[in-house]
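A closer look at the structure
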Amino acid sequence: MLDKLLSESIYNAVFGIVSEEQVSELRLRVGKPVSYACMGRYNVIEGCIVTADDIERAIGMATGHSVYAANDSIARGYLVCGRGYRLGICGEGVMKNGSLFTLKNVTSLCIRLPHEVKGCCDKLGEVLKNTDNTLIISPPGLGKTTMLRECARLLSQDKNVLVLDERGELIPVDEGKIAVETGNMCDVACNIPKITAYETLVRTMRPDVIVTDEVFGEREVRAICDISRCGVVVFASLHAGGINEVYASETYRPLLQVMRYFVVLEDVGKVGAVYDRGRKNA
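Residues numbered from 1 in each chain as written. Predicted model: local features only at pLDDT ≥ 70, side-chain atom pairs only at ≥ 80, totals over all residues. Heavy atoms only, no water.

**Regarding the environment of glutamine 257**
For glutamine 257, the position within the fold is in helix H10 (residues 255–258). For the pair glutamine 257 and arginine 277, spaced 20 residues apart in sequence, the C-alpha to C-alpha distance is 8.1 Å. (Helix = DSSP H or I, 4+ residues; strand = E, 2+ residues; numbered from the N terminus.)

Take a look at the structure:
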């Protein structure tokens, strides 16, 4: 898919240096050199300058050349295509009736590449064995989504796991087929607003475990607390620098009361600590 999203010159410039498996993110900015993230660190390819045509090509391929049909997603600032490639979009906003209607004159793309990393949950043996509410915490770019993806695969070997994937990048679905490996007992709700999914699918799909990425806002925190009280286990992730930041946040502090385990990443894919109800275990 990447060879279709990217022009030949950009694709060859990046992947003549590193493999797709090593790259987690690509940055395209009109008039600037291409940059890519490898193991959480950015590298700039001087001389490989992004053009407006490069941006237009990527958006065209990501939308199947039907930009209008994808306008709702564009207005939310991203597109998802293929095996869970997510294109963050930055440009000029167009307002309609006081709300953001779409983006035009796109000048930047942030393309995130999903990866499966078996073994990245090796330090979570007790967490997975006990299967209790778990929150994975780190700043952006350290591998929370990758770790959750592996948790979903392992848990769904013998438990009904429902993945709530609002942005289509946690467990990618490509033309009706799950594009990554899961267990035999995994259900994926893709591109459905999480609040809607919480309110409906918990009843209709009867999951043992819900796996979801990037908890955001008071409504979602309340939904997770309600689901936990119903006896459904939740594995989720949160952008934060550590457990103290969760405690300091009025919005996210209630999670400390319902989550048993808190997994803090200190570097790309590296577990720094596992807390059980606020007490450091490992």
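Picking up after the structure, the text goes on.
**Description of the pairing of strand E4 (residues 78–81)**
In this sheet, strand E5 (residues 85–96) lies alongside E4 in antiparallel orientation, the contact comprising 4 bridges. Note on E5: the bridge partner recorded for leucine 79 is leucine 87. Between E4 and E5, which pair antiparallel and follow one another directly, the connecting turn spans 3 residues, one of which, glycine 82, has a positive phi of 55°. (Pairing = 2+ DSSP bridges.)

**Quick look at the nonpolar core**
Among the nonpolar cores identified, the biggest contains 33 residues, and Leu135, Leu164, Val215, Leu255, Met259 and Phe262 are the most heavily contacted of them. Non-local contacts of leucine 164, meaning those with residues more than four positions away in its chain, are made with Leu170, Ala189, Lys194, Ala197, Tyr198, Leu201, Ile210, Val211, Thr212 and Asp213. Core analysis: the next-biggest nonpolar cluster, separate from the first, contains 32 residues, Leu28, Tyr36, Ala58 and Tyr85 among them. (Core = buried A, V, L, I, M, F, W, Y, C linked by side-chain atoms within 4.5 Å. Buried < 20%, exposed > 50% of the residue type's maximum accessible area, 1.4 Å probe, protein only. Contact = heavy atoms within 4.5 Å.)

**Focus on the pattern of salt bridges**
Scanning all chains against the criterion turns up 19 salt bridges. Glutamate 266 is the partner of lysine 270 in a salt bridge, and the nearest nitrogen-oxygen pair spans 3.3 Å. In this structure, a network of salt bridges that share partners links the residues Arg86, Arg112, Arg167, Glu169 and Glu214. (Salt bridge = Lys/Arg side-chain N within 4 Å of Asp/Glu carboxyl O.)

**Some thoughts on helix H2 (residues 8–15)**
Along an α-helix, a turn takes 3.6 residues, which lines up residues three or four apart on a common side. Turning to H2, its buried residues are Ile10, Val14 and Phe15. One side of H2 holds all its buried residues, which, seen down the axis, span an arc of 105°. For H2, the exposed residues set more than 90 degrees away from the buried face come down to Glu8 and Ser9. Tucked inside the fold, the buried residues of H2 contact helix H1 (2–5), strand E1 (23–29), strand E2 (33–38), strand E3 (41–49) and helix H3 (52–62). (Arc of directions from axis to C-beta.)

**Some words on the domain arrangement of the chain**
The domain architecture assigned to the chain consists of domain 1 (2–112) and domain 2 (122–280). For domain 1 versus domain 2, the separation of C-alpha centres amounts to 27 Å. Carbon and sulfur atoms make up 46% of the surface buried where domain 1 meets domain 2, a total of about 920 Å² over both sides. At the boundary of domain 1 and domain 2, one finds 4 salt bridges. Of the charged contacts, one joins arginine 86 and glutamate 169 as a salt bridge, the two residues approaching to 3.0 Å between their closest N and O atoms. Between domain 1 and domain 2 we count 1 residue pair in polar contact (both at pLDDT 80 or more) in total. (Domains from an automatic or database assignment. Buried area = accessible area lost by both parts, 1.4 Å probe. Polar contact = N/O pair within 3.5 Å; in protein donor to acceptor, adjacent residues only side chain to side chain.)

**Describing the side chain of threonine 131**
Relative to the helices and strands, threonine 131 is located in the loop between helix H5 (125–130) and strand E7 (134–138). Look at threonine 131 and you get buried, because its relative accessible area is 11%. There is a polar contact of 2.7 Å between the side chain of threonine 131 and the backbone oxygen of leucine 128. With residues near it in sequence (within four places) discarded, threonine 131 still touches Leu155, Lys159, Val209, Val233 and Phe235.

**Some thoughts on helix H6 (residues 144–155)**
Compared with an ideal rise of 1.5 Å per residue, which puts 12 residues at 16 Å, H6 spans 16 Å between its outermost C-alpha atoms and is within 8% of the ideal. Most of H6 is tucked away: 10 of the 12 residues are buried. Residues Lys144, Thr145, Met147, Leu148, Arg149, Glu150, Cys151, Ala152, Arg153 and Leu155 constitute the buried set of H6. (Expected span 1.5 Å × (residues − 1).)

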